[in-house]
Amino acid sequence: MASKTNGLAANALATGTLVTDTTVDGRAYTDDGVFAEELVRIFTNGWVFVGHSSEIPEPGDYVTRTLGRDPVIMIRDRDNTVNVLANRCAHRGVTLLQQEVGNAVSLPCIFHGWTYGLDGALKGMPQPGGLSIARDDCSLDRPGQTAEHRGFVFANQSGTAGSLEDHLGPGGIELLDWASDLSPVGSLDLNAGWLGQEVSSNWKMWAESDLDGYHLGSLHRSLWQVVPDSQYQAAVMAGENIVKATTRDRGRGHVELEFWRGYDRQLAWLGVPRERVSDYCEALIERVGAERAEELLWQGPPHALIFPNLFLGEMNLAIIEPVAAGRTIHHHTPLLLAGVAPSFNQRVLRQSEAAMGPAGFLLPDDAAAAERMQVAFGHSGGVMDLSRGTNREVVEANGDRVGHVSDEIPGRGFWRHWHHLMTDHR
Amino acid sequence: MSDRLELIAEVEAFLYLEARLADESRYAEWLALFDDQVTYWVPKGRADYDPTTRVSYINDNRNRLETRVKQLETGVHYAQTPPSPMRRVVSNIEVTEQLDDGLVAESNFVLYEHSLQASNELRVWAGHASHGLRRVDDSFLIRSKTVEIVNSSRSLPTLAFLL
Ligand SMILES: [Fe+2]
């Protein structure tokens, strides 16, 4: 849709010089030109997470989202296809849908009454005798590519990003499969709605802090003082040489915290003993076999970033929405599973409310740190150090970089990919 | 003075006290206004849905509300360290239901918050509160509080203070 040269010409700052293997120039967060260029190179020319097909179970069900700053509609067609369409009348550019979620039988524009079908094709207009362009040219814009994996819907506006499979890589695909396989019928059922947290910081600080295993004991200390028995104490805060949790860079900007390696029991992530969810455990074994089921019951859901905007946050899914260089909305929904008892999903919802959102017990402190980073970097720079753990990181056979849970492997993995996309590799 | 005016004056005094304690981040005193069984709900948008199946900003029982207050009391809950200077105006108070053991009071509020922990913004919060009050001697205890914030249907800034 947008020309990828636009942001480049206008930007005085050479983005290729902002990042080294272990440092980031603060202007990567604060510079308006960098932000404009990201919208082109990352959010237009790359794959971006849109939503999950379980959010729109019935024909006509829709959610409105943004790709970068561009409003889109994700809607289920009568033939069950999930369409991603520009939320913008092809005539004079008015948004067609204003609600966050709903059901539509057609997509009318309020301005001149043009009406589109659920596939974005123009269905009708008042006084069609004056139409001076081909009717086929009056369909709603669509991203150049839309693709889905296990219900996770992604779009690439430019159509030039290669396949979704390439973007996700084996590491990203494994993460999406893992989250989905936690359901005893193999699918998520994200029907609890989303909450957004508005933050005065750059979007990338969320990609970092969501995947930072070093800060739990310090930034979130108030919560551990009050709730001393969470699964995170043993996993992350027991002492540098004791904790078993790890960090992992899966490549392509997809990065992970492996808290589960530090859990002290099965189902620590759910906070219940096995007897309480025996139906769930049996159904899981039934579907994926005993070996994988036992693994899943230990691990729980993944804690990972799918570059650039999807955070698989254990019992939550989050979307990082860039608004401006210094403004972000962090949206989340509880990771509800299809095929479980209502009480199971209620538990997930309760956990989600405790941790996430503007009034959760964790995210407000992350927001405070992110906002203070934004202030700290001011305008002319300052450099952020991301070298922690370079002295002990290990590269596994498949290329994954792995390290201590407190090491800045996820940050380095994120920025390596960012640098790759923001320089002229294409 | 009629019974009705007397009741309104009593409810007003109680809601003003609650507002002042919240404004001044007097956490323990604020919590002491709540009953042993509590529902404290800040829905997403209107309070017209089942909070056990849809997300809410806050859906606290007594236990979780205590955790919330204790976290603030640690002094290292950085989103509220230092506490936001705040002032709220509570108005349009109506007693909409009278029960054997209490009443329901509805009110509007406008709250100015200075988020000086980080971004230094003046934030304006506005909304409607519904208080379920249980009569205890010559005062009340809050057994339910539902706060609809006018712009909460999609997203909100950090809401780590007491609403
Ligand atoms: Fe955090």
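Procedures and definitions
- Residues numbered from 1 in each chain as written.
- Chains lettered and ligands numbered in written order.
- Predicted model: local features only at pLDDT ≥ 70, side-chain atom pairs only at ≥ 80, totals over all residues.
- Heavy atoms only, no water.
- Donors = N, O, S within 2.8 Å, 3.2 Å for Na, K, Ca; no water.
- Tetrahedral: all angles 85-135°; square planar, octahedral: opposite > 155°, others 65-115°.
- Helix = DSSP H or I, 4+ residues; strand = E, 2+ residues; numbered from the N terminus.
- Buried < 20%, exposed > 50% of the residue type's maximum accessible area, 1.4 Å probe, protein only.
- Domains from an automatic or database assignment.
- Contact = heavy atoms within 4.5 Å.
- Buried area = accessible area lost by both parts, 1.4 Å probe.
- Salt bridge = Lys/Arg side-chain N within 4 Å of Asp/Glu carboxyl O.
- Polar contact = N/O pair within 3.5 Å; in protein donor to acceptor, adjacent residues only side chain to side chain.
- Nonpolar A, V, L, I, M, F, W, Y, C, P; charged D, E, K, R; others polar.

### Observations regarding the coordination of the iron ion
All names here are of chain A.
Piece 1. Distances from the iron ion to its protein donors, namely His215 (NE2), His220 (NE2), Asp366 (OD) and Asp366 (OD), fall within the range 2.0 to 2.6 Å.
Piece 2. Coordination geometry of the iron ion: the four donor atoms subtend angles of 54 to 155 degrees at the metal centre, consistent with an arrangement described as irregular.
Piece 3. Each donor residue of the iron ion belongs to the same chain, with the gaps between them written as H-x4-H-x145-D. Note that His220 is positioned in the loop between helix H6 (216-219) and helix H7 (221-226) and Asp366 in helix H12 (residues 363-376), a separation of 146 residues in sequence.
Piece 4. Relative accessible area serves as the criterion here: at 6%, Asp366 is assigned to the buried category.

### Looking at the domain arrangement of chain A
Much of the literature gives interface size as the accessible area that the parts lose upon coming together.
Residues and elements named next belong to chain A.
Piece 1. Here chain A is partitioned into domain 1 (49-156) and domain 2 (185-424).
Piece 2. Taking the mean C-alpha position of each, domain 1 and domain 2 sit 32 Å from one another.
Piece 3. In this complex, domain 1 contributes 13 residues to the contact, which on the side of domain 2 involves 15 residues.
Piece 4. Note on domain 1 versus domain 2: buried area summed over both sides is about 1200 Å², and carbon and sulfur give 54% of it.
Piece 5. Scanning the region where domain 1 abuts domain 2 turns up one salt bridge.
Piece 6. Across the pair Glu321 and Arg69 runs a salt bridge, and its minimum N-O distance is 2.9 Å.
Piece 7. There are seven residue pairs in polar contact (both at pLDDT 80 or more) connecting domain 1 and domain 2.
Piece 8. Where the side of domain 1 that touches domain 2 is concerned, the elements lending two or more residues are strand E2 (48-52), strand E3 (61-67) and strand E11 (152-156).
Piece 9. Among the elements that take part in the side of domain 1 that touches domain 2, E2 stands out by supplying three residues, more than any other.
Piece 10. Tallied by class, residues from the side of domain 1 that touches domain 2 come to four nonpolar, four polar and five charged.

### Digging into the side chain of Thr146(B)
Residues and elements named next belong to chain B.
Piece 1. Of note, Thr146 is situated in strand E6 (residues 139-149).
Piece 2. A residue is classified by how much of its surface remains accessible, and Thr146, at 19% relative accessible area, is buried.
Piece 3. Thr146 has contacts with Trp41, Pro43, Ala47, His128, Ala129 and Ser130, leaving out every residue within four places of it along the chain.

### Describing unusual backbone geometry
Piece 1. With an omega of 0 degrees, the peptide bond running from Phe307(A) to Pro308(A) counts as cis.
Piece 2. One can find Pro308(A) in the loop between strand E15 (303-306) and strand E16 (310-313).
Piece 3. Note the cis peptide between Thr81(B) and Pro82(B), where omega equals -5 degrees.
Piece 4. Notably, Glu314(A) is not glycine yet its phi reads approximately 55 degrees, a positive angle.
Piece 5. Residue position: Glu314(A) is located in the loop between E16 and strand E17 (316-324).
Piece 6. Its identity as a non-glycine residue notwithstanding, Asp137(B) has a phi of 50 degrees, on the positive side.
Piece 7. Mapped onto the fold, Asp137(B) is located in the loop between strand E5 (121-136) and E6.
Piece 8. Residue Asp137(B) is classed as exposed on the basis of its relative accessible area, which comes to 71%.

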